[in-house]
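Structural description and commentary
The lines below spell out each chain.
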Amino acid sequence: MAVQSVSTGSPRRVSAWRRRQLAGWLFLTPAIAYLLFAFALPIVYNLMLSFEKTSPATIGDFAAPFAGSDNYHFILHDSTSRAAIVRTLEFTAGSLLGQFVIGFALALLFSLQFPGRTLARSLIIVPWLLPLIVTGVMFRFLFQAEGGAVNQVLTSLGLASHSVQWLTDPDLSLWTILIANIWLGVPFFTLLLYSALQDVPVELKEAAVIDGAGPWQRLRLVIVPIILPVIEVTLLLGFVFTVKVFDLVIGLTGGGPANSTQLITTWSYNLSFQEFSFGEGAALNNVLLLLALICAPAYLWLSRGSLKSSSGAGR
């Protein structure tokens, strides 16, 4: 009888397990469908376009003429495309440096006790809440040559004798976009670094003070090593957000003057939807995809290291 009950009960347990598995997959189906439609399909289609010779007449067909590596050959040998790739990396490095320095300084400031600290922390979020295109238009008015607030302030202070062509001078236009992007990204760095500073044990800081460590020594030897995993993840996320900047450039300069502010995203858009070289634009887009594929494993590795260090500190 015991053998019979086991033999009859086992299929029931297996059947129940299969039903739970099926129910789980059914609940995951909408998320899987969304990922396939919103991410996998565009990536595969963009990869296909990069190996095709497309035009407005063939963009709707999946049987466009095969171009081989011609589109990638164009990207590597076209001076504007190469300049856009290099400029994107320079723009990203400059943005991360400015955002981190200012954001870390503000995070340290907000960790102190002073009147109006809560209001100041609330106001610092405002740039992050604005749409990128709104930020671009706002900075366009601030930096315009005639009547711009920046030129008026510089002229009033005697720092400039004439209106500076911030948006039409090829040597200054990229700096204008860089300033706007730093302003836009500072809240993100400030909030994450401020949250990390709150997790630094007070006992360690007090022990450092007792040992005679000054403010710079406490920052370098106590605070930074503890929040280093958060700093690494913040910089990596900032890289991902910055390398794909598009709306800000379109709102400020549109990639000009003379293509001096073209980044990977804006020049790819220009190739695809203004010159109708969809295959070349897709090939340039794959440069961003390659950067994302490099950053994704790095983010997972840094996040895992941050969790391990946090759990170790908790014990």
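Refer to the structure presented above.
Just so it is clear, the model here is predicted, and its values are computed rather than measured.

Focus on the packing of helix α2 (residues 70–77) against helix α3 (residues 79–110)
A pair of packed helices is captured by two measures, namely the crossing angle of their axes and the spacing between those axes. Running from N to C, α2 and α3 cross one another at 70°; their axes reach a closest spacing of 5 Å. With respect to α3, the element α2 is oriented roughly perpendicular. Contact with α2, carried on its side by F74, I75, L76 and H77, involves S79, S81, R82 and I85 of α3 and no other residues of that element. Taken together, the residues of the contact of α2 with α3 break down into four nonpolar, three polar and one charged.

Comments concerning the packing of aromatic side chains
For any pair of aromatic rings, the description consists of the separation of the ring centres together with the inter-plane angle of the planes. Scanning the model with the defined rule gives eleven aromatic pairs in all. Geometrically, the ring pair formed by F246 and Y269 is edge-to-face, given 5.4 Å between the ring centres and 65° between the ring planes. Of this pair, F246 sits in the loop between α10 (215–243) and α11 (247–252) while Y269 sits in helix α12 (residues 264–273), and the two are 23 residues apart along the sequence. Through a chain of ring-to-ring contacts, the aromatic side chains of F246, Y269, F273, F276 and F278 assemble into a single cluster.

Some details on unusual backbone geometry
A cis amide bond, omega 0°, links G256 with the succeeding residue P257. With respect to the helices and strands, the residue P257 is situated in the loop between α11 and α12. We note that A258 has phi near 55°; this positive angle belongs to a residue other than glycine. For A258, the position within the fold is in the loop between α11 and α12. For N259, which is not glycine, the phi dihedral falls at a positive 60°. Mapped onto the elements, N259 comes out in the loop between α11 and α12.

Some points on the nonpolar core
Core analysis: the biggest nonpolar cluster contains 18 residues, and F91, I177, L248 and L252 have the highest contact counts within it. Residue assignment for this core shows that the elements contributing at least two residues are α6 (132–143), α8 (173–198) and α11. The element that contributes the greatest number of residues to this core is α8, accounting for six residues. Residues within four places of L248 in sequence aside, it is in contact with L132, T135, G136, I177, A180 and N181. Counting 16 residues, the second-largest nonpolar core is a separate cluster that includes L96, V243, I264 and L291.

Calculation notes
Residues numbered from 1 in each chain as written. Predicted model: local features only at pLDDT ≥ 70, side-chain atom pairs only at ≥ 80, totals over all residues. Heavy atoms only, no water. Axes fitted to C-alpha atoms, helices over the stretch in contact; angles between N-to-C directions. Helix = DSSP H or I, 4+ residues; strand = E, 2+ residues; numbered from the N terminus. Parallel < 35°, antiparallel > 145°, perpendicular 65-115°, else oblique. Contact = heavy atoms within 4.5 Å. Nonpolar A, V, L, I, M, F, W, Y, C, P; charged D, E, K, R; others polar. Phe/Tyr/Trp six-rings, centres within 6.5 Å; stacked < 30°, edge-to-face > 60°. Core = buried A, V, L, I, M, F, W, Y, C linked by side-chain atoms within 4.5 Å. Buried < 20%, exposed > 50% of the residue type's maximum accessible area, 1.4 Å probe, protein only.

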